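One-letter residues, chain by chain:
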Amino acid sequence: QDFFITLLIANMEALLREEVNKKVKVQYPLRKYEYQVNISVCVNLLRDKITDLLLGQNPQKILDYLTKIFAQNIEAIRPNRSFVRKPDQYRTKKT
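Residues numbered from 1 in each chain as written. Predicted model: local features only at pLDDT ≥ 70, side-chain atom pairs only at ≥ 80, totals over all residues. Heavy atoms only, no water.

Within the protein one finds 3 helices and 2 strands. Here the C-alpha atoms of the protein give a radius of gyration of 17 Å, more than 25% beyond the 12 Å that 2.2 N^0.38 yields for 95 residues. The buried share among the 95 residues of the protein stands at 21%. In the protein, the share of contacts with a sequence separation of at least 24, taken over all contacts with a separation of at least 6, comes to 75%. By element, 52% of the accessible surface of the protein is carried by carbon and sulfur atoms, the whole surface being about 8,200 Å². Charge centroids of the protein, computed over 17 positive and 10 negative side chains, lie 8 Å from each other. (Helix = DSSP H or I, 4+ residues; strand = E, 2+ residues; numbered from the N terminus. Rg over C-alpha atoms; globule rule 2.2 N^0.38 Å. Buried < 20%, exposed > 50% of the residue type's maximum accessible area, 1.4 Å probe, protein only. Contact = heavy atoms within 4.5 Å. Areas by Shrake-Rupley, 256 points an atom, 1.4 Å probe, with all protein chains shown as cover. Lys, Arg positive; Asp, Glu negative; His and termini not counted. Charge placed at Lys NZ, Arg CZ, Asp CG, Glu CD.)

The structure is reproduced here in structure tokens:
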């Protein structure tokens, strides 16, 4: 059950995020960087609202609310930024 609800939330989040990203590109065409929706905000907000969305009386109202909040939480995509990650720096096997 947990696996399927996680899969459902991930798919719904991806669909909503892509829709809002298209609106953000149209809304802010002249900014220095491209912008995208903050994924962690999307996932956490959708987890909070998933029951209302699936079982509520007015799911369209909740979708409108989610897209509005997603569009308010955008972040810049900065080119040439990378961070070399050390995969086992914090997590090591303890025997």
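Back to the text.
The next thing to look at is the nonpolar core. The biggest cluster of nonpolar side chains holds 15 residues, and the ones touching the most others in it are L46, L66 and F70. For this core, the secondary-structure elements that each account for two or more residues are α1 (2-27), α2 (39-55) and α3 (59-72). When sequence neighbours within four positions are dropped, the list of residues in contact with L66 reads L16, L45, L46 and K49. (Core = buried A, V, L, I, M, F, W, Y, C linked by side-chain atoms within 4.5 Å.)

On to a nonpolar patch on the surface, then. A surface patch of nonpolar side chains, about 370 Å² in accessible area, is lined by I5, L8, L54 and L55. Secondary-structure elements contributing two or more residues to the nonpolar patch are α1 and α2. You can see L54 is positioned in helix α2. (Patch = residues over 30% accessible without salt bridge, like charges linked within 9 Å, V, L, I, M, F, W, Y side chains within 5 Å. Salt bridge = Lys/Arg side-chain N within 4 Å of Asp/Glu carboxyl O.)

On to the packing of aromatic side chains. Following the criterion strictly, the structure yields 1 aromatic pair and no others. Relative to F4, the ring of F3 lies with its centre 5.4 Å away and its plane at 70 degrees, an arrangement referred to as edge-to-face. No difference in accessibility class separates F3 from F4, as the two residues are exposed. The ring of Y28 is capped by R31, whose NZ or CZ atom sits 3.9 Å from the centre of that ring. (Phe/Tyr/Trp six-rings, centres within 6.5 Å; stacked < 30°, edge-to-face > 60°. Lys NZ or Arg CZ within 6 Å of the ring centre and 35° of its normal.)

This next bit is on the confidence of the model for the protein. Across the protein, the average pLDDT comes to 85, with 92% of residues at 70 or higher. Within the protein, α3 carries the highest mean pLDDT (91), whereas strand β2 (residues 74-77) carries the lowest (86). (pLDDT = per-residue confidence, 0-100.)

With that settled, the discussion passes to the packing of α1 against α3. Where α1 meets α3, the axes come as close as 10 Å, and the angle between the chain directions of the two elements is 60 degrees. Between α1 and α3, the crossing angle belongs to the class labelled oblique. Relative to α3, α1 is oriented so that their crossing is right-handed. Together, L16, E19 and V20 of α1 and L63, L66, T67, F70 and A71 of α3 make up the contact between the two elements. (Axes fitted to C-alpha atoms, helices over the stretch in contact; angles between N-to-C directions. Parallel < 35°, antiparallel > 145°, perpendicular 65-115°, else oblique. Left-handed = near helix turned anticlockwise from the far one by under 90°.)

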